[in-house]
Amino acid sequence: MNSQTKTIVITTVVTVIVLVAGFILLMPVFGPRFMHPIMSQFMDGNSPSSVTASDLDTSAERLTNNGAFKVSFKSELDPITLGSMHSWVLHVETADGQPVEGATILVDGGMPEHGHGLPTAPQVTQDLGNGDYLVEGLKFQMGGWWEVKFNITADGTEDNVTFNLIVGG
Amino acid sequence: MTKRYLILTGILLTLSAGILFGCSAQPTAWTDAEVEILQSLWIGSLPGLPTDPSNQYGDNPQAAALGEKLFFDTRFSSNGEVACATCHDPEKNFQDGLPRAQGVGTTNRRAMPIAGTAYSPWMFWDGRKDSQWAQALGPLESAVEHGGTRTQYVKLIGANYKDEYEAVFGALPDFSDASRFPEPAAPVSDEAAAANWEAMTAEDREAVTRVYVNMGKAIAAYERTIMPGESRFDQYVESVLANDGATADTILSDDEIAGLKLFIGAANCTRCHNGALFTDNDFHNTGVPVIENLPEDTGRALGAQQALADEFNCLSVYSDAAPEDCSELKFMLTEGEALERAYKPPSLRDVAQRAPYMHAGQFTTLQGVLSHYNEAPAAPMGHTELELLHLSEVQLNQIIAFLETLSSIK
Ligand SMILES: [Cu+2]
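The rules we used
Residues numbered from 1 in each chain as written. Chains lettered and ligands numbered in written order. Predicted model: local features only at pLDDT ≥ 70, side-chain atom pairs only at ≥ 80, totals over all residues. Heavy atoms only, no water. Phe/Tyr/Trp six-rings, centres within 6.5 Å; stacked < 30°, edge-to-face > 60°. Lys NZ or Arg CZ within 6 Å of the ring centre and 35° of its normal. Pairing = 2+ DSSP bridges. Helix = DSSP H or I, 4+ residues; strand = E, 2+ residues; numbered from the N terminus. Disulfide = S-S within 2.5 Å. Buried < 20%, exposed > 50% of the residue type's maximum accessible area, 1.4 Å probe, protein only.

Student: Could you clarify how one ought to interpret the packing of aromatic side chains in this entry?
Tutor: How two aromatic rings sit relative to each other is set out by the distance from centre to centre and by the angle between their planes. Residue and element names in this part refer to chain B. Using the criterion set out here, one finds 23 aromatic pairs over all chains in the structure. Here the aromatic residues Phe-76, Trp-133, Tyr-153, Tyr-161, Tyr-212, Phe-312 and Tyr-318 are joined through ring pairs into a cluster of three or more. Its guanidinium or amino end placed over the ring of Trp-197, Arg-150 lies 5.3 Å from that ring's centre, counting from NZ or CZ.

Pasting the structure below:
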């Protein structure tokens with residue numbers, strides 16, 4: 001290698017290093033807007049996409065904690081929009097598929113990641129028959145992961161179920 | 001020697017070219033999830049004005065025209081000097097720029113802006129009223145705001161607005177008999193006014209209250225027309241939605257864009273300030289400090305009880321709503337620590353135009369507001385929902401720069 005090629009190689013290497021280092025050092029000045037979206041996801045733990053806790057079971061049909069009832073819900077709003085008062089129909093069956101009528105059902109819930117409860121006090125207002133119950137007064141005013149919990153008592157058996165929802169916005 | 005200089009120049013040129021390219025060629029990159037949030041905050045996403053089933057005159061233009069006159073008429077006060085517009089001045093985004101409002105006396109809270117409140121199920125910082133018309137009837141009889149009584153007001157309607165009133169609401173009863181309709185008379189804390197009110201027959205009280213309620217419904221019809229205007233932020237989102245990054249980047253500066261990114265991201269502001277009006281219309285304890293010498297203020301904890309007990313709420317005889325239209329009131333959260341010192345987040349549209357901030361004007365500048373959010377101090381009562389942000393001074397200023405882009409373009 002003659003000295004001229006050497007100089008050219010060194011110059012190129014130095015230029016590349018300076019460029020890369022300079023860009024990284026100046027990143028705070030450019031602001032996050034020059035980061036590739038993938039990169040900004042690593043930088044920003046609160047970015048909206050990270051809320052979608054990946055291992056959440058968001059199915060609308062679940063077995064209660066002790067397996068006493070199979071419960072499913074159907075929302076009047078689909079998808080659920082932020083801040084809209086709406087109702088659900090909750091369907092309760094025994095584990096072997098017989099509709100459960102005359103159950104006493106309490107509603108609770110909240111956002112586990114934010115440490116707060118529901119913004120309203122929803123209630124089961126009607127036993128619609130055939131294992132269906134009208135739940136009125138549901139509202140989700142923030143985007144993210146919500147839990148809606150039902151405490152169900154029927155024929156002397158009490159059990160609980162929790163539904164996970166990801167509300168957009 | 002010359003070669004060395006050439007090499008050095010080469011390096012410098014490449015470097016500057018690289019930086020220039022980096023700065024100018026790439027428009028801001030937003031993820032799909034972020035674009036969705038930007039769109040939800042955009043004024044174009046505001047749904048149509050929801051009807052108020054409790055006010056059958058809400059969309060009646062004649063009612064709104066009468067309501068507008070009432071809003072600016074200072075005769076509806078005990079000293080002839082106070083109108084709604086005294087504290088809600090259209091020249092100042094329908095507020096007054098004071099930490100505590102000044103009517104016949106001084107209020108314990110800060111006046112709120114009115115634009116867009118037709119979208120809110122709850123009125124006031126603590127949501128103690130559940131409609132705009134029921135809200136309007138509060139200040140009129142408040143001893144520190146308008147200071148008068150409903151009997152005085154319905155007589156003023158007869159003397160000054162009889163035709164306009166009757167065109168909307170039908171015949172106005174005759175209130176001229178001073179022995180049947182004494183002044184002042186209303187169910188208020190003032191003893192003389194309360195005694196006069198008690199002395200009236202139930203029917204006469206009902207007749208007065210009906211007309212008083214209609215005044216509220218006319219004012220509400222006017223307030224429904226008060227909406228925030230398009231801002232630079234909205235123009236920016238339009239360009240982003242049109243995939244026109246180059247134009248978008250000429251609308252907002254780098255700092256404003258960085259502030260927007262923080263607002264919807266690391267600073268968590270959209271937890272509570274969401275939707276096209278930048279408020280979730282719910283109630284939150286954000287640890288805002290107590291002002292010494294003011295009476296105890298428990299926020300929503302008391303407000304929820306007052307809404308339930310309110311003589312003009314959605315389920316009252318004066319409401320035009322069927323009970324099934326009152327789901328906000330029926331399924332309202334009425335107890336729990338979460339309500340203590342919880343307040344309604346005001347819309348952040350036009351916010352830079354209306355210092356001071358918070359329910360009793362606790363902060364005089366947006367700098368003060370942002371340091372509060374950054375430090376997330378413990379709440380004086382209950383628990384704050386805020387978490388420490390650890391943002392730098394530069395970042396806080398970027399969020400302020402962003403808030404300034406929410407001002408309506410006049
Ligand atoms: Cu939350």
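Moving on from the coordinates now.
Student: In this structure, what is going on with the sheet that holds strand 8 (residues 144-154) of chain A? I would like to understand it.
Tutor: Paired through their backbone hydrogen bonds, the strands of a sheet run either parallel or antiparallel. Residue and element names in this part refer to chain A. Ordered by their spatial adjacency, four strands build an open sheet running 5-4-8-9, and the pairing between neighbours is antiparallel. Looking at which strands have only one partner, the edges of the open sheet turn out to be strand 5 (116-117) and strand 9 (157-167). The pairing of strand 4 (residues 104-111) with strand 5 spans two bridges and is antiparallel. Within strand 5, the position partnered with Gly-110 by the bridge is Gly-117.

Student: What is the right way to read the state of the cysteines from this model?
Tutor: Joining two cysteines, a disulfide is a covalent bond between their sulfur atoms. All names here are of chain B. The tally for this structure, following the rule as stated, stands at one disulfide over all chains. Note on cysteine connectivity: Cys-314 is disulfide-linked to Cys-326, with sulfurs 2.0 Å apart. One disulfide, between Cys-314 and Cys-326, carries an S-S torsion of -75° and so falls in the left-handed class. Pair noted here: Cys-314 is in the loop between helix 13 (300-309) and helix 14 (327-330) and Cys-326 is in the loop between helix 13 and helix 14, with a separation of twelve residues, a long-range link. Residues Cys-314 and Cys-326 agree in their burial class; the two are buried. No disulfide involves Cys-272; its nearest neighbouring cysteine sulfur is the one of Cys-269, lying 9.1 Å away. Overall, the relative accessible area of 15% leaves Cys-272 in the buried class.

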